[in-house]
Structure formats: C-alpha cells, structure tokens
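Next come the chains, spelled out residue by residue.
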Amino acid sequence: MIDIYKYDDNNVFAKILRNQIPCKKVYEDKICLAFEDINPKAPVHVLVIPKIKACSFNDFIDKSDENSIALFFKSIRKITKLLNLEKGYRLICNVGNDGGQEVPHLHFHILGKKRLSGLIP
Ligand code: AMP
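A word on the pairing of strand E3 (residues 44-50)
- A large share of E3 lies buried, amounting to seven of its seven residues.
- Here E3 shows no split at all, with Val44, Val46, Val48 and Pro50 on one side and His45, Leu47 and Ile49 on the other all buried.
- Relative to E3, strand E2 (residues 32-36) is paired through five bridges, and the arrangement is antiparallel. For leucine 33, the partnering residue across the bridge sits in E3 and is isoleucine 49.
- Strand direction decides the pairing type here: E3 and strand E5 (residues 108-112), joined by five bridges, are antiparallel. Counted as the bridge partner of leucine 47 is histidine 109 from E5.

Describing the packing of aromatic side chains
- The tally for this structure, following the rule as stated, stands at six aromatic pairs.
- Aromatic pair phenylalanine 57 and phenylalanine 108: ring centres 6.1 Å apart, planes at 80 degrees, arrangement edge-to-face. Of the two residues, phenylalanine 57 sits in helix H2 (residues 57-63) while phenylalanine 108 sits in strand E5, which places them 51 residues apart along the sequence.
- Judged by relative accessible area, which is 7%, phenylalanine 108 ranks as buried.
- For the ring pair phenylalanine 60 and phenylalanine 72, a centre distance of 5.0 Å and an interplane angle of 55 degrees mean the geometry is tilted.

Calculation criteria
- Residues numbered from 1 in each chain as written.
- Predicted model: local features only at pLDDT ≥ 70, side-chain atom pairs only at ≥ 80, totals over all residues.
- Heavy atoms only, no water.
- Buried < 20%, exposed > 50% of the residue type's maximum accessible area, 1.4 Å probe, protein only.
- Helix = DSSP H or I, 4+ residues; strand = E, 2+ residues; numbered from the N terminus.
- Pairing = 2+ DSSP bridges.
- Phe/Tyr/Trp six-rings, centres within 6.5 Å; stacked < 30°, edge-to-face > 60°.

See the structure below:
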C-alpha cells in the first residue's frame, strides 16, 4: 500500500515528469506540467502538477515560497484559458486518504465542457 503522505520518486507523476511514462501533454512551463487524465470524468479532464517534489497540497504549500505558490496558480489559470473553458469548470484537489488522493504528487484536476452536478462528479 502506498504512503500518500510521503514523496515517492517512483510515483506515476514523477515518472511522467522524467519522461519515463508518456502523457498527453496539454501545457508545460518552468513551474508545472499539465496533461490529460487517463480515466477522464468529463470531456475535459486535465491534471496539473508542479515540477517540485510535493506529495500533496499541504506539502506544496508548506515547502514553497509565496511567489512559487502564486506562479503555480497563475499557470492553472493560464491552462483554463487554453482549454477554452469559458462556461466554467471545476478545480479539484484531493488531499490525503480522507480526501481520496491516490497519487502522492500534488495534482489539481480541471474538469470541464460538461454541466457537472453535485459536489463530487
Ligand atoms: P487522485 O485520486 O486525486 O489522486 O487522482 C489521480 C488521478 O490520476 C486519477 O484521476 C487517475 O485517472 C489519474 N492517473 C493515474 N495514472 C495516470 C496516468 N499515467 N496518466 C494520466 N492520468 C493518470
């Protein structure tokens, strides 16, 4: 069983960042990489991950300075523009076991191009 609270260099997103596993890249800059979710829950389902080793949102916030945090969120906004989500979208970040996080590398889900109902898609 994976420890979601500890960074594991062999997690699937770390391997994607090292180009050891392919992904359908949507966007990349010096802060983050965005790619399509392998199991999409909406017509647009993109994952945005920071390039630093952060196992969760908590870890990312705790170890980053304010400028890096701001740049990461600016990149997410840039990606939502690229994806033409003018009618809106949902941003999800699962944190830890209770949050349903499965991969121990911070990721934000961007879901769109569908009228999402309820809190959980
Ligand atoms: P979470 O439950 O928030 O940790 O979400 C993990 C997400 O990663 C799920 O939506 C998976 O479908 C997605 N995922 C797992 N492996 C890959 C992969 N190799 N490429 C793209 N998405 C993936």
